[in-house]
Amino acid sequence: MMADERAFQSLIDTVQGALVLITQADGKIFAANQLAAILLGLPRSELVGQAFFQHLANPADEAGLMARLSSQGMLYNEELMLSASGGRQFSAHLSIREVDFMRPILVISFVDRSESQMMGRLLESERLVCDRVLKLAKELKHEPRITDADDYLSGVLDMPALLSGLSHEVGRASRYGHPLSALLISIEGIPAREQELDADTAGYIRRMTGSLCMQSARDCDLIARRTDGCLLLVLPHTQMQGATRAARRLIAGLSKQQFKIAGEDRPAAACVGLTSLRKGESSHKHLLARLDLALARSRAQGINTLARQP
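None of these values were measured; they are calculated from a predicted model. (Residues numbered from 1 in each chain as written. Predicted model: local features only at pLDDT ≥ 70, side-chain atom pairs only at ≥ 80, totals over all residues. Heavy atoms only, no water.)

Engineer: Sorry if this is basic, but what is going on with the pairing of strand E2 (residues 28-32) here?
Structural biologist: If a strand is regular, its side chains alternate between the two faces of the sheet. Summarising the sheet, strand E1 (residues 18-23) and E2 pair through 4 bridges and their orientation is antiparallel. When the bridges of E2 are listed, Leu21 appears paired with Ala31. Hairpin geometry of E1 and E2 is characterised by an intervening segment of 4 residues between the two adjacent antiparallel strands and by a positive phi of about 70 degrees at Gly27. (Pairing = 2+ DSSP bridges. Helix = DSSP H or I, 4+ residues; strand = E, 2+ residues; numbered from the N terminus.)

Engineer: Can you help me understand the packing of aromatic side chains in this one?
Structural biologist: Each aromatic ring pair is summarised here by two numbers: the centre-to-centre distance and the angle between the ring planes. Counted under the stated rule, the structure contains 2 aromatic pairs. Between Phe52 and Phe53, the ring centres sit 5.6 Å apart and the planes meet at 75 degrees, which makes this aromatic pair edge-to-face. With respect to class, Phe52 is no different from Phe53; both count as buried. Between Phe52 and Phe110, the ring centres sit 6.0 Å apart and the planes meet at 40 degrees, which makes this aromatic pair tilted. With Phe52 in the loop between helix H3 (44-47) and helix H4 (61-72) and Phe110 in strand E5 (residues 104-112), this pair connects stretches of sequence that are 58 residues apart. Here Phe52 matches Phe110 in class, with each residue buried. Counting every residue linked through ring pairs, the aromatic cluster contains Phe52, Phe53 and Phe110. (Phe/Tyr/Trp six-rings, centres within 6.5 Å; stacked < 30°, edge-to-face > 60°. Buried < 20%, exposed > 50% of the residue type's maximum accessible area, 1.4 Å probe, protein only.)

Engineer: I tried to follow the environment of Ala25 on my own but got confused; where do I start?
Structural biologist: Topologically, Ala25 is positioned in the loop between E1 and E2. Sequence-wise, Ala25 and Leu106 are 81 residues apart; in three dimensions their C-alpha atoms are separated by 9.6 Å.

Engineer: What should I look at first to understand the nonpolar core in this one?
Structural biologist: Note on soluble globular proteins: their nonpolar side chains tend to be buried together. Phe52, Ile108 and Phe110 are the most contacted members of the largest nonpolar core, which totals 26 residues. Those elements that provide at least two residues to this core are E1, E2, helix H2 (34-40), H4, strand E3 (74-83), strand E4 (89-100) and E5. Discounting chain neighbours no more than four positions away, the residues touching Phe110 are Gly17, Ala18, Ala36, Leu39, Leu40, Phe52, Leu82, Phe90, His93 and Leu94. (Core = buried A, V, L, I, M, F, W, Y, C linked by side-chain atoms within 4.5 Å. Contact = heavy atoms within 4.5 Å.)

Engineer: Sorry if this is basic, but what is going on with the pattern of salt bridges here?
Structural biologist: Pairing of side chains with opposite charge becomes possible as their charged atoms draw close. Counted under the stated rule, the structure contains 8 salt bridges. Between Arg226 and Asp228 there is a salt bridge whose closest N-O contact spans 2.8 Å. For Asp228, a relative accessible area of 49% gives the class partly exposed. (Salt bridge = Lys/Arg side-chain N within 4 Å of Asp/Glu carboxyl O.)

Engineer: Explain the pairing of E5 to me, please; I cannot follow it from the model alone.
Structural biologist: Judged from the 6 bridges that link them, E1 and E5 form a sheet pairing that is antiparallel. Within the sheet, the bridge partner assigned to Leu21 lies in E5 and is Val107. Relative to E5, E4 runs antiparallel, the two sharing 9 bridges. Residue pairing in the sheet places Arg97 in a bridge with Val107 of E5. The loop that links E4 with its antiparallel partner E5 comprises 3 residues; one of these, Met102, has a positive phi angle of about 65 degrees.

Engineer: Could you clarify how one ought to interpret the confidence of the model for the protein in this entry?
Structural biologist: It should be kept in mind that the predicted coordinates are not to be read in detail where pLDDT is low. In the predicted model, the protein carries a mean pLDDT of 80, and 74% of its residues have values of at least 70. Every residue in residues 140-150 is under pLDDT 50, and counting partners more than four places away or in other chains gives 15 contacts. (pLDDT = per-residue confidence, 0-100.)

Engineer: Hey, could you run me through the sheet that holds E3 in this one?
Structural biologist: Adjacent strands of a sheet form backbone hydrogen bonds with each other and so pair up, either parallel or antiparallel. A sheet is described by the order of its strands in space; here 5 strands give the open sequence E2-E1-E5-E4-E3, paired in antiparallel fashion. Either end of the sheet is taken by a strand with one partner, and the two such strands are E2 and E3. When strand polarity is set aside, the average angle formed by the axes of neighbouring strands in this sheet is 35 degrees. Most of the contacts of H4 go to E3, to which it runs at about 170 degrees, and overall it touches E3, E4 and E5. (Axes fitted to C-alpha atoms, helices over the stretch in contact; angles between N-to-C directions.)

Engineer: I would appreciate a short explanation of the sheet that holds strand E12 (residues 269-276) in the present structure.
Structural biologist: The sheet built from 6 strands is open, its strands ordered E6-E8-E9-E7-E12-E13 with mixed pairing. Strand pairing shows two members of the sheet lacking a second neighbour, strand E6 (157-158) and strand E13 (305-308), which therefore form its edges. The sheet contact formed by strand E8 (residues 222-225) and strand E9 (residues 231-236) spans 4 bridges and is antiparallel. When the sheet's bridge partners are listed, Ala224 is paired in E9 with Leu232. Strands E6, strand E7 (180-188), E8 and E9 of the sheet are contacted by helix H7 (residues 159-176), whose axis makes an angle of about 145 degrees with E8.

Engineer: Please clarify how a nonpolar patch on the surface should be interpreted in this entry.
Structural biologist: A surface patch of nonpolar side chains, about 300 Å² in accessible area, is lined by Val99, Phe101 and Met102. Summarising the element assignment, Phe101 is placed in the loop between E4 and E5. (Patch = residues over 30% accessible without salt bridge, like charges linked within 9 Å, V, L, I, M, F, W, Y side chains within 5 Å. Areas by Shrake-Rupley, 256 points an atom, 1.4 Å probe, with all protein chains shown as cover.)

Engineer: Would you take a moment to explain H4 for this structure?
Structural biologist: For H4, with 12 residues, the first-to-last C-alpha span of 16 Å sits near the 16 Å given by 1.5 Å per residue. Remark: Gly73 follows H4 within two positions and exhibits a positive phi of approximately 85 degrees. (Expected span 1.5 Å × (residues − 1).)

Engineer: How should I be thinking about helix H9 (residues 240-255) in this particular structure?
Structural biologist: Helical geometry note: an α-helix holds 3.6 residues per turn, so side chains three or four residues apart project in the same direction. Here H9 spans 22 Å end to end across 16 residues, near enough to the 22 Å set by a 1.5 Å rise per residue. Residues of H9 that are buried: Met240, Gly242, Ala243, Thr244, Ala246, Ala247, Leu250, Ile251, Gly253 and Leu254.

Laid out in structure tokens, this is it:
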């Protein structure tokens, strides 16, 4: 190799990305940098003299490239598949420009996109894993402790967790003037003392009522079970009319369920009390007291009824 050729080779070897120079008349490579030889899987001495377009994974791409090059004079970042000598195919961004370099030549540069795509997928996978870990850590930090296994399965909270959330919702509703309503749901027609039920029946009733409430709830709603077995459902951004519709849906859903007591099939029945946060109220205490009054009125009316306490 002559001194000027060595200097020229050193020059093109400094180019970022793979670079080949092609005689336009025959499409054969007369110069290439080291990265081009590596990506195309041949020693540079063997790569020189080969037709570049034989490395197109789809031979039909050549006609399209040359047609666009003829009309535009330069192509930039064309996406296509290249094939190395060993048969490995890889996605590439390819640029072509016509240059008069003592004779008409084509300067072709290309980069292997498969490596960057794989790195992108790895980074995205790591990001998703980090997001899940952070979400889990946040949930573990803030998730209230649910001591009842049946309520845990249905997603129902315990009362301390609900009261904490309710206090926050009442403060926000009072501050911004948003409506807030609540339901108190009692399952009727079962023994007053739960120990009179067998464990399977008691667990089924708890899961059934909890699950039906969860199915009717939105993400922003809060659901918990009181010590007397009643379910408390808090509905932020909901007026009395919307809470009434929710109560009727719950009663309809519960009335379709059945459970066994002492071998006897019994239809589920419910009573529901409703109330809404009053203008000027900044505490949940009065709201909870009105719920008890509303539930008592519903029970006085009979099963599968609801009563509102404005």
